[in-house]
Amino acid sequence: MSTMTVESFRPVAQRKPKTYLTEGGRTLSSWLLTTDHKRIGILYLYSIIVYFFIAAVAAALIRLELLTPQGDMVTSETYNKLFTLHGVLMVWFFLIPSIPAVLGNFVIPMMIGARDVAFPKLNLLSWYLFNAGGLLALYSIIVGGVDTGWTFYTPYSSSFSNWHVVTMAAGIFVAGFGTILTGLNFIITIHRMRAPGLRWHRMPLFLWSLYSTSVIMVLATPVLAMTLALMALERIWGLGLFDPKLGGDPVLFQHLFWFYSHPAVYIMILPGMGVVSELITCFARKQIFGYHYVAYSSVAIAILGFLVWGHHMFVTSQSVYAGFAFSFLSFMVAVPSGVKVFNWTMTLFRGSISFQTPMLYALGFIGLFVVGGLTGLFLASLAVDVHLSDTYFIVAHFHYIMVGGMVTAFMGGLHYWWPKISGRLYPERLGQIAALITYIGFNLTFFPQFVMGYLGMPRRYHAYPGEFQIYHILSSAGASILAVGYVLPLLYFLWSLKYGKRAPANPWNATGLEWQTTSPPPKHNFEETPVVTGEPYQYSPEAEEEMVHG
Amino acid sequence: MNSTVIPPKISLRIWAALMGLLLLTWGLAQIDLGRYNVVAALAIAVTKMLLVILFFMHVRYNTRLTWVFVAAGFIWFLILVDLSLSDYLTRGVVRGTYPNSFEVRQSPPSTPRPVQSIPKRETSETK
Amino acid sequence: MAEARTALAEQFEDMPQQLEASRQGMWTFLATEVLFFGGMFMGYIIYRHIYPEAFGAASKHTIVLYGTINTAILLTSSLTMALAVHAAQESRQRALFRWLLVTVFLGLCFLGVKGLEYHEDLDEHLWPGAHFRADLPPQSQIFWFLYWSMTGLHAIHVTVGVVVLSMMARMAARGLFSTHYHTPIEISGLYWHFVDIVWIYLYPLLYLINRYS
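Residues numbered from 1 in each chain as written. Chains lettered and ligands numbered in written order. Predicted model: local features only at pLDDT ≥ 70, side-chain atom pairs only at ≥ 80, totals over all residues.

J.: Explain the overall build of chain A here, please?
T.: Across its full length, chain A carries 18 helices and 0 strands. The C-alpha radius of gyration computed for chain A amounts to 23 Å, which stays within 12% of the reference 24 Å derived for 550 residues, consistent with globular compactness. Taken along the three principal axes of its C-alpha coordinates, chain A extends 75 × 50 × 45 Å. Across the 550 residues that make up chain A, the buried fraction comes to 56%. Contacts spanning at least 24 positions in sequence make up 85% of the contacts within chain A whose residues lie at least 6 apart. (Helix = DSSP H or I, 4+ residues; strand = E, 2+ residues; numbered from the N terminus. Rg over C-alpha atoms; globule rule 2.2 N^0.38 Å. Buried ≥ 20, exposed ≤ 12 C-beta atoms within 10 Å, placed from the backbone. Contact = placed C-beta atoms within 7 Å.)

Next comes the structure, spelled out in structure tokens:
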């Protein structure tokens, strides 16, 4: 059934209802000066796609170089710049904003029944700060690149390397303030702008996750800003806190850096967990199992995540006692994540499961996150970490969580909310195929890395002993498949904007306030402020099975 | 509309207390109290901070949620300091590991040691 | 009140919601500032623990007179800010304007004294680097690096505060604030008090180490 046929029967006055895409203007400046959280979410989506592709090109070059044991494609310095570029752009300019700034911005006010976030102008400022930082980062790459790794360890970054470190640090500093403002906005929005009847324990779990993420953003990012500033000052003035010539300790930089960067990885996974809670309940047609446990586990992860940073420093001159404390705390922080996995599994049990694209991504998330999380426990064990530090085991571990976990969840969320955002349906069969391609490509890319890391292949090396070549070949082959899996959705989402079927208000029959308004929604989200009277996720698999099968 | 009104008389008294504490902290610094100098100075600073927060910033009359927001920043700063100190205070304590890498507890040399220059790595891009 | 209605931003339902949201928003921002300064405070704590004598020797060269005067200035400016908020709560427009101006003036005095102090510090060769005074151990340069960066960052915050409060004073002169709406005054006040609190800690940590010898 083509939309053209249906449209031509509608009287002219009713043909195009006002939505946020048309209301408020269609000019470029109406978008660039918007304070509408939905438009800002889309602005972020465009931005992160650009940074993602630049970082992906760097990854492609890395994987091409690693096909052969010799360092024959690029020099070692260029190789260092490639993995630095990949890390910096992927962490700060893709992963951290992905779910919060795109899906969070779009969905949060609707999910709580509000007209907008608490501070819409600050929201727009966040996007500009984000891109100002991104431009500084890109400038650093264009003038020759940074070769310190995304971790900027001193004294290499502060006393050696090159001056592009300063502009790169400045870019991350500025973008960091965008993140802080986004987190601040979400915290106040969730505290103060909930619809009548929407008590904390009636909120969808996506909100609990994003709230916890925002707390981490607000408390951790300022320390990163200060740390990068101190490192840059040391570079500019030639002396500072980390210079051994004056009695400074380079490891102090690492304490300050990882105090932020460990919680940052929770910024990069908690939103994904929130999305998964929404997807599992909707596509298993079932109440979440253990709502309170899942909600509080997000808070626990946010708090405990601040206590474990020393596990990145087991092989530095950090004291053995501190290492012992951090190792123990790292085991503790795995518990709330485990709680979530158990609860999702129990939600699936006796649910009425269907395998649409968002669900495929959600199921993929659970499996891949479990692998990534369990290998994190290997690394939390002090003695094992000494052997595995700075090997490909670490690279595989964090890619399983960040790509297998967060990016998968982001894709799942994007597919789930796409009808709401664009008013169109993406082609379902293609979506399922792309999800499968991603899953296969991902595992082929990163599983061999666990094996070779355990066998001793170091990370950040562009030349390596011949015995590891087979693993690198498998990994690079997987990467090319993974690339297809990511390009396909970009293409069919764009296609759907013009040719996709028009979406109804609630294509998934999901619960949640955002589905009670049209797809796409009007500028102020709701015609009247909704009132919430019941618990979230009031699905009933038995009732629906009966309806379907009689 | 629902912000508490604090009469100027109270604000003036708080100010007087703050100035008194300033005098006290300056005075105590002139006397050698050993390691209690630091304790005293910090205790007075914390007291001044609490007076400003509770009265000038109205936190005494705010909701419990506001207290949580106020406390969170300081608690998180303390986490940063405490867990880092757990490293610095225990380095070299375990027998058989390398000794404390800083030459701590030795008085600084009476003549400054010449600073050795570490040769910079030679690449085309080093500043 | 027409005045109150136009001051309500469209995403909020009513004035109390707007006030509470703004207040909590400012406190969230201040928490980030605690952690921002916190990085340098942590550096200070670690290195003072490791090099107590070098820090003591270095601190002797700070100018206690200027530091103490500045502390008194900032504490008094907190009082005048609190009085400004009180005036706003009672819709006393002229008093509000006056107290804001006095606070701005005190902030400028602080910056002036700081400028004089920086000038003397530079004359004493207390800028870390090749020309640092030769009679101090090398680790004292770490103290002085922290001095310049912590007081410098603080001075930047004071400057921002002075600019913001000047803008508030201008708005107050146009009669924009009243009992029903003075949220910007209150949250600017929170920022200003925070800047005062940072200095409350900087003063003993930088000026009062080993003053007795």
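J.: How should unusual backbone geometry be read in this particular structure?
T.: When glycine is set aside, most residues are seen to have a negative phi, and most peptide bonds are trans. The step from A:Thr154 to A:Pro155 runs through a cis peptide bond, and the omega angle for that step is -5°. The residue A:Pro155 is located in the loop between α5 (120-142) and α6 (156-159) in this model. With phi around 40°, A:Ser161 is a residue other than glycine that occupies positive phi space. In this structure, A:Ser161 sits in the loop between α6 and α7 (164-192). The phi dihedral of C:His125 is positive, around 60°, even though this residue is not glycine. Tracing the chain through its elements places C:His125 in the loop between α5 (93-123) and α6 (140-173).

J.: Can you help me understand the interface of chain C and chain B in this one?
T.: A common way to express how large an interface is: the accessible area buried when the components associate. Contact with chain C, which involves 46 residues of that partner, is made by 44 residues of chain B. For the side of chain C that touches chain B, the elements supplying multiple residues, two or more each, are α2 (15-50), α3 (52-59), α4 (64-89) and α7 (183-207) of chain C. At 16 residues, α2(C) tops the list of elements feeding residues into the side of chain C that touches chain B. A per-class count over the side of chain C that touches chain B returns 29 nonpolar, 13 polar and 4 charged. (Nonpolar A, V, L, I, M, F, W, Y, C, P; charged D, E, K, R; others polar.)

J.: Teacher, can you tell me more about α4(C) here?
T.: An α-helical turn contains 3.6 residues, so any two residues separated by three or four positions project in the same direction. All names here are of chain C. Between the first and last C-alpha of α4 there are 38 Å, a value that for 26 residues agrees with the 38 Å anticipated at 1.5 Å per step. α4 sits mainly inside the fold: 19 of its 26 residues count as buried. One or two positions beyond α4, positive phi appears at Ser91, with a value near 60°. (Expected span 1.5 Å × (residues − 1).)

J.: I keep staring at the nonpolar core and nothing clicks. Help me out?
T.: One broad trend across soluble globular proteins is that nonpolar side chains are buried collectively. Counting 274 residues, the largest nonpolar core has A:Ala169, C:Ala84 and C:Leu100 as the members making the most contacts within it. By residue number, the principal contributor to this core is helix α4 (residues 76-111) of chain A, which donates 22 residues. Looking at this core, you find at least three residues from each of domain 1 (1-61) and domain 2 (63-92) of chain B. Excluding residues within four positions of it along the chain, C:Leu100 makes contact with C:Ala84, C:Leu165, C:Met168, C:Ala169 and C:Ala172. (Core = buried A, V, L, I, M, F, W, Y, C linked by C-beta atoms within 7 Å. Domains from an automatic or database assignment.)

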